Amino acid sequence: MSGEIFVVGASRSGTNLVRALLNAHSTLWVSAETHYFDDLRPRLPAGPLDGEDRERCERYFLALAHRAFGQGGDPGESRIERDQLRALAEELGGSGDAYFAALCRLRAELHGRERWGEKTPRHVYRIDELLTAFPEAKVVCLVRDPRAVVASYKDWHGAAARRGVTESPELEADRERSRRSYNAVLMSLLWRGVVRASFAALERHGAERVRVERFERLAASPEQEVRELCGWLDLEYEPALLEIPVVNSSYATSGAGVSSEPVERWRERLSPSEVGIVQSVCEPLLSQLGYAPDGVNVSPLRLAWAWGTVPFAATRAALVNRKRLGKATEYLRTRAKTALSRGPL
């Protein structure tokens, strides 16, 4: 059996799509977000756990086996038994990393799969730790046009209303968190940071361990791109991978397969001034990655005002996301350093 698979990237960049594609494979299950490397791991000691550290770790993962991260999972309602989790974790060494691997393996077994992976978008900043903890692992980094990312993030909170469906209170709260976090400059800066982190990891670890997956290529030529991705991941290509349903879309309500329609949707969803702001913030990376700037102009005054909102937007986003940031100071410092760096990739 080949190594573990991690899927990372900017929020709304296609990580859910790639997870769904891979989970359609007969031998692999990619777990939903754990945020382990950014949240719990920095608070645990190295080596085997005992006492309060082991209890904290077990409660963390058992809660994830009940509900998605950030949605108030109850360890007592876990779909995985504590004794089962502990036994496998101890077999793997008893550390926090062992508990993480045990959860992902047990989730894969629940779905009848042999190989496991995990998808947490913001683990893009933890690729060094991922590959150190799991030396045989491979990391797929999603990169998408920043204008499409910003548009999708802007509209995600209203997706349930567009579908005409009622969602759980936990998911409604998550969408409200998204709405209150939105700011065009802030989202663009986050995109910059993720892109730089992805390409820096590719340079450090090489193309055998890190793959930058372009959303637009996947949308334009899904079969060819999925075949290449499977080959890189040491998976046999299966036609069922292209028959997935719509996954966590900000817009669509039904359908199947990989669609090219989302690629240019930002032209309808963003105002000219928002497009201009995103392009201004994301250059020169926008052009380096082949995303042609749209011919819109944004006045210097409007751009200055947009930048002026960033401190307030960042503070608001930090407050509404405070339960998801792990060590908040370290989290914000790492993101800001990467997002604000200049120069070519």
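As a reminder, the structure under discussion sits directly above these lines.
Predicted model only: the values in this text are computed from it and were never measured. (Residues numbered from 1 in each chain as written. Predicted model: local features only at pLDDT ≥ 70, side-chain atom pairs only at ≥ 80, totals over all residues. Heavy atoms only, no water.)

K.L.:
Got a sec to walk through the nonpolar core? Specific residues and values, please.
P.N.:
By size, the foremost hydrophobic cluster in this structure holds 42 residues, and its most contacted members are Phe 61, Leu 85, Phe 100 and Ile 127. Looking at this core, the elements with two or more residues in it are strand S1 (5–9), helix H2 (51–64), helix H3 (82–91), helix H4 (96–110), helix H5 (127–133), strand S4 (138–143) and helix H9 (184–205). Ranked by residues supplied to this core, first place goes to H4 with eight residues. Excluding residues that lie within four positions of it along the chain, Phe 61 makes contacts with Tyr 36, Leu 40, Leu 85, Gly 96, Tyr 99, Phe 100 and Leu 103. Within the second largest apolar cluster, 30 residues are counted, among which are Val 143, Tyr 182, Met 187 and Cys 282. (Core = buried A, V, L, I, M, F, W, Y, C linked by side-chain atoms within 4.5 Å. Buried < 20%, exposed > 50% of the residue type's maximum accessible area, 1.4 Å probe, protein only. Helix = DSSP H or I, 4+ residues; strand = E, 2+ residues; numbered from the N terminus. Contact = heavy atoms within 4.5 Å.)

K.L.:
Account for unusual backbone geometry, with residues named and values stated.
P.N.:
A cis amide bond links Glu 283 to the next residue, Pro 284, at an omega of 5°. By the secondary structure assignment, Pro 284 is in the loop between helix H13 (272–282) and helix H14 (285–288). For Arg 12, which is not glycine, the phi torsion reads 70° and is therefore positive. Within the fold, Arg 12 resides in the loop between S1 and helix H1 (15–23).

K.L.:
Give a description of the sheet that holds strand S2 (residues 28–31) that names residues and reports values.
P.N.:
Pairing within the open sheet is parallel, and its five strands lie in the order S2-S3-S1-S4-S5. The open sheet has two edge strands, S2 and strand S5 (210–214), and neither has a second partner. Neighbouring strand axes in the sheet, compared pairwise and without regard to direction, differ in orientation by 25° on average. Contacts between H9 and the sheet are confined to S1, S4 and S5, with S5 contributing the most and set at about 140° to the helix. Running over the sheet, helix H11 (residues 222–232) touches S4 and S5 and is turned about 170° from S5. (Pairing = 2+ DSSP bridges. Axes fitted to C-alpha atoms, helices over the stretch in contact; angles between N-to-C directions.)

K.L.:
Explain the packing of aromatic side chains to me, and be specific about the residues and the numbers.
P.N.:
Counting across every chain of the model gives 11 aromatic pairs. Their ring planes at 15° and their centres at 6.2 Å tell us that Phe 6 and Phe 100 sit as a pair that is stacked. With Phe 6 in strand S1 and Phe 100 in helix H4, this residue pair connects regions lying 94 residues apart in the sequence. Just as Phe 6 is buried, Phe 100 falls in that class too. The interplanar angle of 15° and the centroid separation of 5.2 Å between the aromatic rings of Tyr 36 and Phe 100 together place this pair among those described as stacked. (Phe/Tyr/Trp six-rings, centres within 6.5 Å; stacked < 30°, edge-to-face > 60°.)

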